[in-house]
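# Residue-level structural notes
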Amino acid sequence: MNKKLFQYYILDKKQKERRIIADEVSFEYAELGLTEEERMVRRFEYLMSLEEPFILEGEEIPFVRTVSNTPEIYTEDEWNELKKKHYIHESGYKSNLCPDYEKVLKKGLLELSENGSDAYKRCVSAVLSLARKYEEEAKRQNRVELALALHQVPAYPARNYYEALLCLRIINFSLWVEGSYQISLGRFDKYLYPYLKKDLSEGKITEEKAYEFLNEFFLSLNKDNDIYPGVQPGDNGQSLMLGGKDKEGKYIFNKVTKMSLRASEDLKLIDPKINIRVDRNTPEEIYTLCTRLTKVGLGFPQYSNDDVVIDGLMKLGYEYDDAVEYVVAACWEFIIPGVAEDVVNIQALSFPKVIDECLHNDLLKSETYEEFKSCVRKEIEKETDENCEVTKNLHFVVCTLLDNLMNYSDGKPKYVNYGMHGVGISTGTDSLTAIEKHIYKDKDVTKEELIKAVDEDYQNNPELLHLLRYRTEKLGNNDAIANENLKFLVDSFGEYLNNIQNDKGGIWRAGTGSAMYYLWYAEGIGASPDGRRKGEPLATNYSVSLFADINPLSLLEAMTYPDLRKVINGGPLTLEFHSSLFNDEEAVKTVGRYVKKFIELGGHQLQLNTVNKERMLDAQAHPEKYPLLIVRIWGWSAYFVELEKAYQDHVIARQEYII
Amino acid sequence: MKGIVFDIKELGVHDGPGLITTIFMKGCPLKCVWCHNPEGQSFTKEIMVRENSCRHCGLCKKECSHPECQPYKRCLYVCPDNLVKEVGKEYEAKELADYILKNRKVLDGVTFSGGEPLSQADFILEVISYLDGLKINIETSGYASNEVFRKVIDRVDNVYMDIKLADEKKHVEYTGVSNKLILENLEYLKSIDKNVTIRTPLIKGITDTKENITAIKELIGNLRHELLPENDMAGVKYHMLNKPYFRENADE
């Protein structure tokens, strides 16, 4: 690790002092009556021209933002007008996509844009002008090799591993400036390794030097991430995928894979977010290597299961050659680099709300549990339909550079599918289990008593709260009753939504992710029949409830009970292990074996976090002592002390498994 | 037959190789002053209350009609935070085996720990008889008759046995029993071909002396030896059981 760079950019954050603020542009653009594309290109040219080159001594992967904001292209009135006619997703700009990095590295921007639109050529020339400024700065500092590399990329093809990394950094930087966000870094070890392999075989680089470059590339992704926040700081989607099958079915695990795990472990930073693709044949040693990184406590790597994901994507209509290239978007949503413009997080279904509606409207008239379940299924379908309906006539702001770095034929993406999260699945499952068991099986609670208790937030019925909360089967303990209810919810949601078309000609994809809805949706409802009190948050993603006992082995079997190919928009089983669990190499191996079992059983995705509650509580009391304490939130990692308290409290409230 | 268990933990990464479920048998003939599982000492059910987190709502102290609550004068079925728990659950051997086998697909093995699992030897032997195909491990103090010890050890794959103190007088002082039986059983372990690990908890001022460790090393010969750090959190459980903890008495 380059300690000087680490000190400057990470510890001292000196780059912040150099930043300036760009002017408002929307009023001028509105007055001139510019088209959307013209606005985007002009803004890009303007921001890139404001950027000033900055290279520290010894820095080999430069580029750092010196302009801290991205002014809007539309005025507020114009946005409101647009919103009347269109569904606008999040900020309106494109996100959660993955460009075709391979083609950029192979061809360079000049050749790629040769026959492109004027707008595309103007974007490329804005990128190259800034690269030229950096080249001049490098020359001024007598950094001959850096200057030569900057002369080559990103204008021309990367000739070696170093130029490839430098090119990636410039592309990553430029896309952020253009205004798209949460853009994945793709199958990093797959597209980068050929360059390394060639350099190594020709004796042009040593493995140690190659590692230093990669380490610095990782560090470079942390220079500007404080100005790239999503819902919370850290939610920036700089996700990188490792491993996985290639088209021939051969598993990729090369020197870049290993160096990436090592760099993440050495740097201990929130970016890039490390994902790894595995399958039932992945050897135990790879899990051991990954678990060593898990032990560090960054919330990396996140695992995806090729056996389940590729199959699931193909069931949704993706061709094998595309499905096999999948990566994750910002968090865990599966996307296809280059060819897909899927909107993977456009809506979210709330399972607790569905159950709450049915509790109040259908329970009294349902004579059997089967009858009640059919009401739940109908309610899922109704709310799913409502969610689909609001997304009609979606409009995204055109992002010229990003669009052209995709690999669309005739300028059209091959897939335009929409993804819907399924939120609070454990609260939903446990509520169903409580109703099935106490109302219909044991008949020890009456319908009226349950509805009343939920409406009164259990204030007048502490015995019932205790019974439902602590003495009723919970999802995660591998009890048949809870497993079946989980499967019912997965099937009902997946089978219905996956067969709906969106108005762009694509389909819908059901998922098990929660994003921030685990807090937002908890606010919209009162208490729930699983003994959850009003105001208590839901669990994140595909996780057990916050007050369920954690039995890690039972949990593996329980959570893999449904066919998870039906919910392949993504959303991991999320587990928290206390840091003391990993205290020796034997334990690290055992945890690796544990992950392997999850994959073998047909789990789709796993997020395993190492936490330490005492340390987090101390960090709330003394934030100054923990500037670099990292925690995993819902699909990304963040610096604990920079989070809003509600998000901090949720991480603390998650049950950590401790021995 | 029936046995009594005080806890079941999954993924005991230090209780045996691979993915393990650990069964903590309730009851122990030893009374080690530092015992970090004091709820494993008595052979009968008892109440454990996490008073530290109690918000004093008083609900558990109101009279209730559950027969099982009466001896404790506290209701086990009402705490809004689940702080009042009965510890100790009776199982039929087959019932416990079925519970373990629920996770058959992920399980590599089972570890019997305690308390002292050898005090319920016939019960665990019956449980083991239902666990074909799983690796069986035991964590024991070694305090059992030679006959019982051999009977169980011959049925398990990995043995983890404590040798806490080499000196008999000190052993009596700090654990309440002589180490004579334990050392006899140690000889048996040395004579057989089995995967054995001897463990010594390093209790400050009691077992962590140079003489003790040297003497233990001599006693165990070629067997693998692990030294375990003292569990700093042990005191908490004594509070929950409303029992005195030796470290705190020493401070007073």
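Residues numbered from 1 in each chain as written. Chains lettered and ligands numbered in written order. Predicted model: local features only at pLDDT ≥ 70, side-chain atom pairs only at ≥ 80, totals over all residues. Heavy atoms only, no water.

### Some thoughts on the overall build of chain B
When you go through chain B residue by residue, the secondary structure sums to eight helices and 10 strands. The C-alpha atoms of chain B give a radius of gyration of 19 Å, which matches the 18 Å a tight globule of 252 residues would have. Its C-alpha atoms give chain B principal-axis dimensions of roughly 60 × 50 × 30 Å. Each of the 252 residues in chain B was classed as buried or not, and the buried ones make up 52%. Contacts in chain B between residues far apart in sequence, at least 24 positions, make up 69% of those at least 6 positions apart. (Helix = DSSP H or I, 4+ residues; strand = E, 2+ residues; numbered from the N terminus. Rg over C-alpha atoms; globule rule 2.2 N^0.38 Å. Buried < 20%, exposed > 50% of the residue type's maximum accessible area, 1.4 Å probe, protein only. Contact = heavy atoms within 4.5 Å.)

### Quick notes on the packing of aromatic side chains
Residues and elements named next belong to chain A. Scanning the model with the defined rule gives 31 aromatic pairs over all chains in all. When the centroid spacing of 6.0 Å and the interplanar angle of 75° are considered together, the rings of tryptophan 79 and tyrosine 93 count as edge-to-face. A residue pair is termed long-range when its members are at least 10 positions apart, and tryptophan 79 in helix α4 (residues 76-85) and tyrosine 93 in the loop between α4 and α5 (101-113) qualify at 14 residues. The pair tryptophan 79 / tyrosine 93 is uniform in exposure class, with both members buried. Aromatic pair tryptophan 634 and tyrosine 647: ring centres 6.1 Å apart, planes at 45°, arrangement tilted. (Phe/Tyr/Trp six-rings, centres within 6.5 Å; stacked < 30°, edge-to-face > 60°.)

### Points about the layout of surface pockets
Residues and elements named next belong to chain A. Taken as a whole, the second largest pocket encloses approximately 680 Å³ of empty space. Every residue lining the second largest pocket is counted, 39 residues in all, and those nearest its centre are Glu90, Ser91, Tyr181, Pro229 and Gly230. Secondary-structure elements contributing two or more residues to the lining of the second largest pocket are β6 (343-350) and α22 (517-524). In terms of residue count, β6 provides more of the lining of the second largest pocket than any other element does, four residues in total. Across the lining of the second largest pocket, the residue classes tally to 19 nonpolar, 14 polar and six charged. (1 Å grid on protein atoms, 1.4 Å probe; cavity = no way out; pocket = protein on both sides within 12 Å on 5 of 7 lines; lining within 4 Å. Points joined across faces, edges and corners; volume = space filled by probe spheres on them. Nonpolar A, V, L, I, M, F, W, Y, C, P; charged D, E, K, R; others polar.)

### Considerations on the domain arrangement of chain A
All names here are of chain A. Partitioning chain A into domains gives domain 1 (1-90 + 98-181), domain 2 (183-190 + 220-332 + 572-659) and domain 3 (344-389 + 418-565). Placing the centre of domain 2 and that of domain 3 at their C-alpha centroids yields a distance of 26 Å. Facing the 30 residues of domain 2 at the interface are 34 residues of domain 3. Overall, the association of domain 2 and domain 3 removes approximately 2800 Å² of surface from exposure, summing both partners, and the carbon and sulfur fraction of that is 70%. (Domains from an automatic or database assignment. Buried area = accessible area lost by both parts, 1.4 Å probe.)

### Re the pairing of strand β2 (residues 273-278) of chain A
Residue and element names in this part refer to chain A. Burial within β2 is extensive, with six of its six residues counted as buried. Where burial is concerned, the two faces of β2 agree: the one with Lys273, Asn275 and Arg277 and the one with Ile274, Ile276 and Val278 are both buried. Note that strand β1 (residues 239-243) and β2 share five bridges and pair parallel. In the sheet register, serine 239 faces β2, and the bridge partner there is lysine 273. With helix α11 (residues 255-267) bridging β1 and its parallel neighbour β2, the resulting β-α-β unit is right-handed. Pairing analysis gives four bridges linking β2 to strand β3 (residues 302-305), with the strands arranged parallel. Its bridge partner being in β3, isoleucine 276 is matched across the sheet by tyrosine 303. With helix α12 (residues 284-296) bridging β2 and its parallel neighbour β3, the resulting β-α-β unit is right-handed. (Pairing = 2+ DSSP bridges. Right-handed = clockwise from strand over helix to strand, strands pointing away.)

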